[in-house]
Amino acid sequence: MMTKKTMTIVSVFMVVALTAVGFAAWLITGTIDYKAEGSFVANELDDKYFKVEVEFDADLEDTDTTKGNVVFGRPVTEDVAANQSWLSYSVNDEEQKLKVVATVKFIPDGGFSKKDGDKREMDYYLYQEIESKSGDDVVITKQYRTIRVKIDINELLDNDGNPDPSSEQFKWFDMAVQLGYIQYPTAHVVEERKTYATATNKLSWVKNELDEQGALQDLTAETDKFRDGYLYIDLTWDMFEIQYADENATEATEAIVKIEINFNWGLVVSETTEGENPTTTYFNPYTFFADKKPETNVNLYTEYGITKYLKGTGANAQLKDMTIENTEDPENIDERDQGLDTDCIIRNKDIAQRLLDYVRDYLNYTPADADTAASGLQFSFELLEGEPKAITNSNS
């Protein structure tokens, strides 16, 4: 793997190889195995045991090294042999892969059936009746249970194998977004049978803490998202598709729902069109810098509105020593506090190197071995009991 020390600068041209920067091997946590208590039909106890599992990138072969991973790598649409830019990559570097598809599998012990008189489909397994506590057998709530998907940064563990409360792994992703290198992920349910409204099938950002009533709180766009919250959706029974072998089959063993999780590069490798309806396009760094002169100055504030390069300490510490001095006496000036017009100036060659260094050094996930601890980022994909969806409510 190429490191900072082995990066070569020839004249004013920098040659950078981005090697093996895939990250985010997903950590699967909280697999659930529930029994619906207290549900009776014709005085017989329903067998509603089920388990829920998840598989990543099921369409890829198990031997594919990028299965379940995100790779901020070289472009996938360009010919490696034509890679003649001053910012170059190796034929051995992994190709960019910014999408992961998680297949959530619902597997009931009793299986599925659409036979007359023996129907057992998703609504059957998730339907639940809540009786009055007065003991008079009066049903006060009829509802469908849901399965919550929670996507977050996996924090480091302590010596006992529990999440370390002092771990701050989230800061590396939050800072990468603030620096304009990458964006926060988005995720949505893949609908292969019907179309849901965007608000229905899109995962939402919510706060880590519940409100006073124990309900989820929306997370605003003006915050450090992984520090303060996570992505979530409550999967309802009608989002799943039972995997009958064909249209004539009457029995099946599992139902699935697919969730597509998308990452992208950030503001410093983007271009926005002008006009009445401007659009922003985000590029792979090698594509973006191909026609840029390496020594040309860029003002990150006026072009991108990025100010996070400049300030902060501790968990919010920002990169330093990145500006070009525009004074006759550089030894008597602090580069880091000369105002936005000065402090936000950087050369294309410098921002390219810092972007690629950051992704490799802070985001690239490297599993632990006998001599070193794990480093980089790992995501958790957690399956939990979600908020039930009430059908009717009546009071006894």
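Structure first, text after, so check above.
Everything numeric here is computed off the predicted structure, so don't read it as measured data.

(A) Region of the structure containing the overall build of the protein. What the protein contains, in helices and strands, is eight helices and 27 strands. Counting the 396 residues in the protein, one finds 42% classified as buried. Sequence-distant contacts, at least 24 apart, represent 68% of the contacts inside the protein between residues at least 6 apart. Looking at the protein as shown, the accessible area adds up to about 21300 Å², and 46% of this sits on carbon and sulfur atoms.

(B) Structural view of the environment of Thr223. Along the chain, the position of Thr223 falls in the loop between β17 (204-207) and α4 (225-228). Sequence separation of Thr223 and Asp174 is 49 residues, and the distance between their C-alpha atoms is 9.1 Å. For Thr223, the contacting residues outside a window of four places in its chain are Tyr184 and Asp228. Looking at Thr223, its side chain comes within polar contact range of the side chain of Asp228, at 2.3 Å.

(C) Expanded view of the pattern of salt bridges. For the structure on display, the rule yields 18 salt bridges. When the shortest N-O distance is used, the salt bridge between Lys67 and Glu55 registers 3.7 Å. Of this pair, Lys67 sits in the loop between β8 (50-56) and β9 (70-71) while Glu55 is found in strand β8, placing the two residues 12 residues apart along the sequence. Since its relative accessible area comes to 24%, Glu55 is described here as partly exposed. Connected via shared salt-bridge partners are Glu55, Asp62, Lys67 and Lys105.

(D) Looking closely at unusual backbone geometry. One non-glycine residue, Asp57, lies in positive phi territory at about 50°. Within the secondary structure layout, Asp57 lies in the loop between β8 and β9. When its relative accessible area of 3% is taken as the criterion, Asp57 is described as buried.

(E) Broad picture of the environment of Thr366. In this structure, Thr366 sits in the loop between α8 (348-363) and β26 (379-385). On the basis of relative accessibility, which here comes to 34%, the residue Thr366 falls in the partly exposed class. Separated by 10 residues in sequence, Thr366 and Gly376 have C-alpha atoms that sit 6.2 Å apart.

(F) Region of the structure containing the sheet that holds strand β11 (residues 112-115). Ordered in space as β12-β11-β20, the three strands form an open sheet in which the pairing is antiparallel. Every other strand in the sheet has two partners, leaving β12 (118-120) and β20 (251-252) as the edge strands with one partner each.

Thresholds, definitions, all that
- Residues numbered from 1 in each chain as written.
- Predicted model: local features only at pLDDT ≥ 70, side-chain atom pairs only at ≥ 80, totals over all residues.
- Heavy atoms only, no water.
- Helix = DSSP H or I, 4+ residues; strand = E, 2+ residues; numbered from the N terminus.
- Buried < 20%, exposed > 50% of the residue type's maximum accessible area, 1.4 Å probe, protein only.
- Contact = heavy atoms within 4.5 Å.
- Areas by Shrake-Rupley, 256 points an atom, 1.4 Å probe, with all protein chains shown as cover.
- Polar contact = N/O pair within 3.5 Å; in protein donor to acceptor, adjacent residues only side chain to side chain.
- Salt bridge = Lys/Arg side-chain N within 4 Å of Asp/Glu carboxyl O.
- Pairing = 2+ DSSP bridges.

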